[in-house]
Each structure stands twice: as C-alpha cells, then as structure tokens.
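Descriptive structure summary
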Amino acid sequence: MSKRTKILDLLQTAPGSDYTVMGWVRTFRNNQFIALNDGSCLANLQAVVDFENFDPSLLKRITTGAALKITGTLIPSQGKGQSVELKANAIEILGDCDVEVYPLQPKRHSLEFLREIAHLRFRTNTFSAVFRIRHALSYAIHKFFNDRGFVNIHSPIVTGSDAEGAGEMFQVTTLDLNNPPKNEDGSINFKKDFFGKATNLTVSGQLEAELAALALSEVYTFGPTFRAENSNTTRHLAEFWMIEPEVAFNDLDDNMDLAEDMLKYLIQYVMDHCEEDLSFLEQRLAEEEKQKPQQERSEMSLKEKLAFCLEHPFERLTYTEAIDILKNSTPNKKGKFQYPIEKWGADLQSEHERYLVEKHFKKPVILTNYPKEIKAFYMRLDDDGTTVRAMDVLFPGIGEIIGGSQREERYDVLLGRMKEMHIPAEEMSWFLDTRKFGTVPHAGFGLGFERLVLFVTGMTNIRDVIPFPRFPGNAEF
RNA sequence: GCCUCCUUAGCUCAGUCGGUUAGAGCGACGGACUGUUAAUCCGCAGGUCCCAGGUUCAAGUCCUGGAGGGGGCGCCA
C-alpha cells in the first residue's frame with residue numbers, strides 16, 4: 001500500500017500537492033463527487049471524478065460502502081460544503097460493496113435497526129462520533145489520574161471471592177457441565193475445577209483496589225465488570241467498564257471533591273477535544289427532541305447541558321435532607337409518586353432521584369449518609385450508628401453515575417458489620433488484614449463508564465455507547 | 001423478574017367498522033442531467049402483512065399461544 005494520508009489531516013492541509021487516501025464511500029453524487037470517510041474524523045473528503053476520463057465499469061463499482069484507494073491532487077473546492085477537495089487521478093477499488101444487500105443506505109436509520117447490525121454501525125456518523133468520544137473519555141480518565149499521581153491497578157477479572165455483594169455473578173469453570181465431578185454429598189467438587197475452587201467473573205475491583213491503596217496511597221482501576229443481573233433497562237449492561245479510584249487518607253468530603261473534579265475534567269476534556277463530534281451529536285439530539293411533545297423536550301442543548309455541569313457546583317446533601325425535601329415536595333403531596341415518601345429509611349426510587357436532580361436542583365446532586373441498612377457492609381459507620389458515609393452522584397437523565405463511600409477502616413466495626421450482613425468473614429481474611437495491619441481512613445468510588453459516555457454523547461440507550469452490548473438474552477457478535 | 005407498547009416492501013411508517021387487486025416517503029434499479037452536498041427530475045421493480053393455531057361467508061385488521069424488538073419499574077455503575 002502506498003503512503004496513506006488520513007482525511008482528518010488532509011482537510012487541514014493547504015492545497016497544491018498529491019495525496020493518497022483510503023476509506024469507505026458514503027455517497028457517490030452526480031457521477032462526479034465521492035464522499036469518502038476513513039473514520040479519522042466525522043467529515044468526509046470530497047473526491048472529484050472527471051467521469052469522462054474513467055472507465056464506466058469502474059465508476060459503477062463506486063457504491064455506498066465500497067472501500068476505495070484514491071490518489072489525486074488536493075485543490076481548493078469550487079463547491080460550498082468544503083474548503084478543499086481531492087481531484088482524483090487514480091481510483092482503485094479495494095473492496096466492492098453490493099448495495100442490493102448492504103444494509104446501510106445513504107439515509108437516516110433508526111438506532112434500533114443499527115443495534116441489530118452492530119458490526120456495521122461503526123460506519124455511520126452517529127456511531128463513529130460516539131466511539132471517538134468514548135475513546136477520548138477513556139484516554140482522559142488515564143490522563144486525569146496519571147496527572148495526579150495515581151497508580152493504575154489491573155484488578156483480576158476472574159475472582160475467587162464470592163462475597164463482594166455487588167450483584168449476581170457469572171460462574172467461570174472448565175468442568176464438563178454434563179458430567180461434573182461430585183462430592184460424596186452430591187454437590188459439585190470444585191476442587192477438580194481449573195483453579196481448584198469455584199470462581200466467577202468480577203463484579204467490582206474495589207476490594208483489590210483497597211489493598212493497593214493501603215500501600216500506594218492513590219490508585220484506580222479501569223476494567224471490565226460483569227453482573228449477571230436480569231436487568232432490562234436503558235442504563236444497565238451485563239458487561240460494562242468501571243473506573244474505581246481508591247485513596248488512602250481520604251474522607252467522604254475528599255471523596256466527593258475527587259468525584260466532582262474528575263467528572264468536570266472529563267466533560268471539559270471532551271468539550272475541548274471533540275468539538276466536531278459533539279456538535280454533530282447535539283444536532284442529532286435536537287432533531288430527535290423535535291419529535292417529542294413540547295413538555296418532554298429538554299430545555300438545554302447537549303453542549304449547554306455539559307457547560308452547565310461545569311459551571312455549577314454539584315449539590316451536596318444528606319439522605320436525611322433529601323427525604324425532607326421529597327416529603328414536602330409537590331408531587332409527594334399530590335400523590336404523584338408511585339412510591340410515596342412516608343418515613344425515613346426507605347430506599348429512594350429512581351422517580352425520587354429524578355425529581356431531586358431534574359426538577360428541584362436542576363443540576364448534578366451528591367447524596368450522602370444513607371441509612372446503613374440499604375448500603376454495603378464496607379461503608380464507614382457514622383457516629384450516630386444509623387447512617388454510613390456513602391455517596392451517590394446523580395446525573396440528569398442517567399441517575400446514579402457514581403456510587404462510593406468512605407470505607408470502614410476500624411477492624412472491630414467492620415467485622416461486626418460483616419456479621420450483621422452475613423458476609424463470611426473467614427473467606428475475607430485478606431481484606432480484614434488491611435484493617436489489622438496499619439489501617440488508615442480511606443475512600444473511593446465506582447464510575448460507570450458507559451453511563452458517563454451516555455451523558456456526554458446525549459445518547460439515551462446504554463446499548464448504543466458500547467460496541468457490542470451484552471444484556472439478558474443477547475451476546476451477539 | 002414485573003408492567004406496557006410494537007412487529008406490514010431494503011429502511012421508516014400509513015392501512016377507517018373485518019369486505020374488491022395492501023399504500024406512501026426514503027433507498028435500490030433504469031434513464032436524463034453533469035459543481036453536487038443524504039443532488040435533482042422522469043420511470044420502474046419490490047410483500048411469507050413476525051410465526052402457529054382459532055373465530056368468520058370473508059382476517060393485515062378479532063381471539064389464543066409463541067418468537068423478536070422498544071419503553072417503564074426493580075437490582076445498580
């Protein structure tokens with residue numbers, strides 16, 4: 001292959017020289033204008049064909065979806081849509097594309113349809129924009145933590161611990177499911193399994209991150225996470241990516257500061273580096289909003305929404321304060337909530353979270369100090385003995401984007417909480433060891449990566465921000 | 001897991017009270033045009049009305065079951 005110039009670079013190059021580009025045809029207009037895209041940016045390169053100088057049988061093969069190599073001279077464009085264009089001197093068909101059977105047409109497609117052809121949807125404007133932004137966010141996460149001296153920890157994906165309590169787990173085994181080795185009592189003998197014990201896919205890297213934090217001080221994980229929950233929503237996946245920072249010597253306030261700084265940094269990064277893709281998605285969203293009834297339309301455009309998040313501090317309040325607001329809220333008094341707020345202690349439903357974020361405060365909200373009964377065993381017990389130092393960061397349209405806490409660092413209190421919640425302490429001795437040997441206050445949280453991508457791109461279904469979504473009943477591709 | 005809606009041409013959808021030969025836009029194809037921006041204009045083809053039963057003189061339309069998909073709720077990130 002001769003030297004290739006990326007379309008992203010070519011569009012910023014002064015005209016005059018010859019270049020070779022390779023990419024896929026979006027449209028071929030007027031037997032003259034090829035809109036070529038190579039994914040390096042949203043914009044297409046316009047290649048101009050003098051059709052009298054090319055074999056008609058070659059021109060017939062320039063169809064939507066075909067892969068081309070075009071060599072030509074970069075010239076100022078006579079048309080209005082672009083400043084430069086490539087005057088084609090040579091065209092080579094790298095791969096034909098039979099439009100009779102190629103599912104992508106030069107027209108608008110529904111997200112539902114594209115989801116069924118996820119192997120081809122990268123070739124659309126919307127999905128190429130989403131996945132470029134997804135990449136930018138991934139890179140920015142590493143940059144944010146690296147710049148602050150955090151150490152990236154690769155926590156295990158196969159775990160022997162089944163006591164994390166973060167959700168249903170997928171089993172990992174090499175045993176013959178049709179004829180597994182049995183113990184005398186008829187149960188399966190996992191000693192004969194690959195790892196010599198029952199193993200699962202991880203539901204969280206947090207416990208391992210805590211071990212590292214209690215030596216390296218500032219760490220984070222960024223890896224795949226698996227939950228075998230039968231969740232059927234636009235916000236849940238069975239396989240998703242999670243970022244879990246864990247910081248020694250941090251309390252809950254430090255933890256909230258870190259979460260807010262991080263989210264603002266990431267949003268700012270995308271606004272600074274993904275202007276073209278963001279503008280496209282903003283326009284796409286605006287067109288989608290037009291289809292909705294006036295009442296349901298959002299007041300802000302995508303970029304306004306992102307800027308708004310940057311400009312205002314997140315609202316921080318305790319669970320108890322939130323209950324008071326909800327109890328006295330108009331929808332609660334008028335019986336509009338499906339689950340009315342009656343007494344302190346109840347878990348908040350998503351309708352309540354949405355009211356706080358979207359109606360009452362109209363900005364991101366951090367809820368803290370939840371009743372201990374509705375939170376995990378490892379969260380630090382408050383002095384009153386009834387609440388724990390938990391924090392949930394709630395975003396408009398997404399709900400919970402971050403869940404975290406200051407961790408219980410006191411050995412006796414942690415052990416007591418584990419017993420209360422029926423966590424088998426014997427199997428968790430390695431975790432308890434950290435509280436036995438030089439324990440310190442520490443805190444951390446989990447950020448759902450796809451939920452962040454959802455928010456930043458303005459997409460509405462989490463299955464559209466991961467290349468090949470896994471959810472109940474579906475593991476295609 | 002629960003609730004709800006949908007499934008008609010390649011895609012998006014219309015199809016009245018159950019009644020003749022099931023329609024439109026876009027896309028594809030053929031032609032015209034040749035500085036176009038999802039080009040335009042003219043023409044043409046394209047249907048297992050999701051599947052299996054049932055009711056009826058007659059079912060895309062009604063009923064039962066199944067499959068696939070969307071949305072909401074719960075679980076949570």
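The numbering scheme is per chain: residues are counted from 1 as the chain's sequence reads. Chains carry letters and ligands carry numbers; both start at the beginning, A for chains and 1 for ligands, and go up in the order they are written. Per-residue local features are limited, in this predicted model, to residues with pLDDT of at least 70; the limit for side-chain atom pairs, both in listing and counting, is 80 or more; totals at the level of whole chains, interfaces and linings are taken over all residues. Calculated side-chain values reflect all of the structure's heavy atoms, with hydrogen atoms and water omitted.

1. So, helix 11 (residues 350-360)
Quick note on the threshold: Exposure is judged per residue with a 1.4 Å probe applied to protein chains only, and the accessible area is read against the type maximum: over 50% gives exposed, under 20% gives buried, and values in between give partly exposed. Note on conventions: DSSP H or I runs of at least 4 residues are helices, E runs of at least 2 residues are strands, and numbering of each starts at the N terminus. By definition, residues are in contact when any of their heavy atoms lie within 4.5 Å.
Every buried residue of helix 11 is accounted for by Glu351, His352, Glu353, Tyr355, Leu356 and Val357. In this structure, the buried side of helix 11 is in contact with helix 9 (319-327), helix 10 (330-333), strand 13 (365-371), strand 14 (387-395) and strand 15 (399-406). One or two steps after helix 11, the chain reaches Lys362, where phi turns positive at roughly 55°.

2. Thoughts on the pattern of salt bridges
Heads up, the rule is: A pair is scored as a salt bridge if a Lys or Arg side-chain nitrogen falls within 4 Å of a carboxyl oxygen belonging to Asp or Glu.
In total, this model carries 25 salt bridges according to the counting rule given. When the shortest N-O distance is used, the salt bridge between Lys375 and Asp392 registers 3.1 Å. Of the two residues, Lys375 sits in the loop between strand 13 and strand 14 while Asp392 sits in strand 14, which places them 17 residues apart along the sequence. The same class applies to Lys375 as to Asp392, namely buried. Across the pair Glu420 and Arg417 runs a salt bridge whose closest N-O atoms are separated by 3.1 Å. You can see Glu420 and its partner Arg417 sitting in helix 12 (residues 411-420), three residues apart, about one turn around the helix. Members of the salt-bridge network, linked through shared partners, are Glu210, Glu246, Arg407 and Arg435.

3. Some details on the nonpolar core
To keep things clear, this is the line we draw: Residues grouped as a nonpolar core are buried Ala, Val, Leu, Ile, Met, Phe, Trp, Tyr and Cys residues, joined through side-chain atoms within 4.5 Å. Each domain's limits were defined by an automated method or a database of domain assignments.
Counting residues in hydrophobic clusters, the biggest one holds 90 residues, and the most contacted among them are Ile34, Ile70, Ile91, Leu263, Phe395, Ile402 and Val456. With 11 residues, the single largest contributor to this core is helix 4 (residues 125-147). Both domain 1 (7-107) and domain 2 (123-168 + 203-464) contribute no fewer than three residues apiece to this core. Ile34 has contacts with Val25, Thr27, Phe28, Leu45, Gln46, Ala47, Val49, Ile62, Leu68, Ile70 and Ile91, leaving out every residue within four places of it along the chain. Within the second largest apolar cluster, 31 residues are counted, among which are Leu207, Leu367, Leu381 and Phe431.

4. Description of the sheet that holds strand 8 (residues 171-172)
The strands making up a sheet associate through hydrogen bonds between their backbones, and the pairing can be parallel or antiparallel. Formally: At least two DSSP bridges between two strands are required for those strands to pair.
Spatially, the three strands line up as an open sheet ordered 7-9-8, and their pairing is antiparallel. Strands with a single pairing partner mark the edges of an open sheet, and in this sheet they are strand 7 (158-159) and strand 8. Across two bridges, the pairing between strand 8 and strand 9 (residues 199-201) is antiparallel. Its bridge partner being in strand 9, Val172 is matched across the sheet by Thr199.

5. With respect to the protein's contact with RNA strand B
Where we set the bar: The cutoff for a nearby residue is simple: one of its non-hydrogen atoms must lie within 4 Å of the molecule or strand. Contacts described as polar in this section are N or O atom pairs within 3.5 Å, which, within protein, must combine one atom able to donate a hydrogen with one able to accept it, while residues neighboring in sequence count only if both atoms come from side chains. Under the scheme applied, nonpolar residues are Ala, Val, Leu, Ile, Met, Phe, Trp, Tyr, Cys and Pro; charged residues are Asp, Glu, Lys and Arg; polar residues are all the others, including Gly.
Around RNA strand B, the surrounding shell holds 53 residues, and the nearest of these are Gln46, Lys107, Asn230, His236 and Arg451. A share of 47% of the atoms of RNA strand B within 4 Å of the protein falls on sugar and phosphate groups. Between RNA strand B and Arg29 there is a distance of 2.9 Å, counted from a phosphate oxygen to a side-chain nitrogen or oxygen. One of the side-chain nitrogen or oxygen atoms of Thr234 is found 3.4 Å away from a phosphate oxygen of RNA strand B. Contributions of two or more residues to the surface near RNA strand B are made by strand 1 (18-29), helix 3 (111-116), strand 11 (239-248), helix 11, strand 15 and strand 16 (442-448). Residue composition of the surface near RNA strand B, grouped by class: 11 nonpolar, 24 polar and 18 charged.

6. Comments concerning the pairing of strand 1
Where burial is concerned, most of strand 1 is hidden: nine out of the 12 residues are buried. Strand direction decides the pairing type here: strand 1 and strand 2 (residues 33-37), joined by five bridges, are antiparallel. Each residue of the ladder has a partner; that of Val25, found in strand 2, is Leu36. Counting the residues in the hairpin turn of strand 1 and strand 2 gives three residues, including Asn30, whose phi is positive at 60°.

7. Topic: the packing of aromatic side chains
Filter applied, for reference: Each aromatic pair joins two rings of Phe, Tyr and Trp (for Trp, the six-membered one) with centres within 6.5 Å, and gets the label stacked for planes under 30 degrees apart, edge-to-face for over 60, and tilted for any other angle. Only when the NZ atom of a Lys or the CZ atom of an Arg is both within 6 Å of the ring centre and within 35 degrees of the ring normal do we say a charge sits over the ring.
Per the counting criterion, the structure on display carries 21 aromatic pairs. Summarising the aromatic geometry, the rings of Phe194 and Phe195 are spaced 4.8 Å apart at their centres and angled 80° between planes, so their arrangement reads as edge-to-face. Accessibility expressed as a relative area gives 46% for Phe195, which makes it partly exposed. In textbook terms, an aromatic cluster arises when at least three aromatic residues are bridged by ring pairs, as seen for Tyr139, Phe144, Phe145, Phe150, Tyr220, Tyr265 and Tyr269. Above the plane of the ring of Tyr265 lies Arg148, whose end atom (NZ or CZ) is 5.9 Å from the centre.

8. Re a nonpolar patch on the surface
Defined as follows: Surface patches are drawn from residues lacking salt bridges whose relative accessible area is over 30%; two like charges belong together within 9 Å, two nonpolar side chains (Val, Leu, Ile, Met, Phe, Trp, Tyr) within 5 Å. Here the accessible surface of atoms and residues is derived via Shrake-Rupley with a 1.4 Å probe, and residues count as covered only by protein chains that are part of the display.
Residues Ile157, Val158, Phe194 and Phe195 make up a contiguous nonpolar surface patch of roughly 390 Å² in combined accessible area. Within the secondary structure layout, Phe195 lies in the loop between strand 8 and strand 9.

9. Side note on the sheet that holds strand 4 (residues 67-76)
Convention followed: Fitted lines through C-alpha atoms serve as axes, helices being fitted only where they are in contact, and the angles separating the N-to-C directions of these axes extend from 0 to 180 degrees.
Strand order in the closed barrel formed by five strands is 1-2-3-5-4, with mixed pairing between adjacent strands. Within the sheet, the average angular offset between the axes of one strand and its neighbour, ignoring direction, is 55°. Bridge count for strand 2 against strand 3 (residues 45-48) is four bridges, and the pairing is antiparallel. By the bridge assignment, Leu36 is partnered in strand 3 with Leu45.

10. Thoughts on the side chain of Thr387
The topology assignment puts Thr387 in strand 14. According to the relative accessible area criterion, Thr387 is buried, its value standing at 6%. Side chain to side chain, Thr387 and Asp382 meet in a polar contact 2.7 Å long. Setting aside anything within four residues of it in sequence, one finds Thr387 in contact with Trp344, Asn369, Tyr370, Pro371, Lys372, Arg380, Leu381 and Asp382.

11. A few points about unusual backbone geometry
At Ser217, a residue that is not glycine, the phi angle is positive and equals roughly 70°. Along the chain, Ser217 falls in the loop between helix 5 (206-216) and strand 10 (218-226). Even without being a glycine, Phe477 presents a positive backbone phi close to 70°. Inspection of the secondary structure assignment puts Phe477 in the segment after helix 14 (449-457). For Phe477, a relative accessible area of 46% translates into the label partly exposed.

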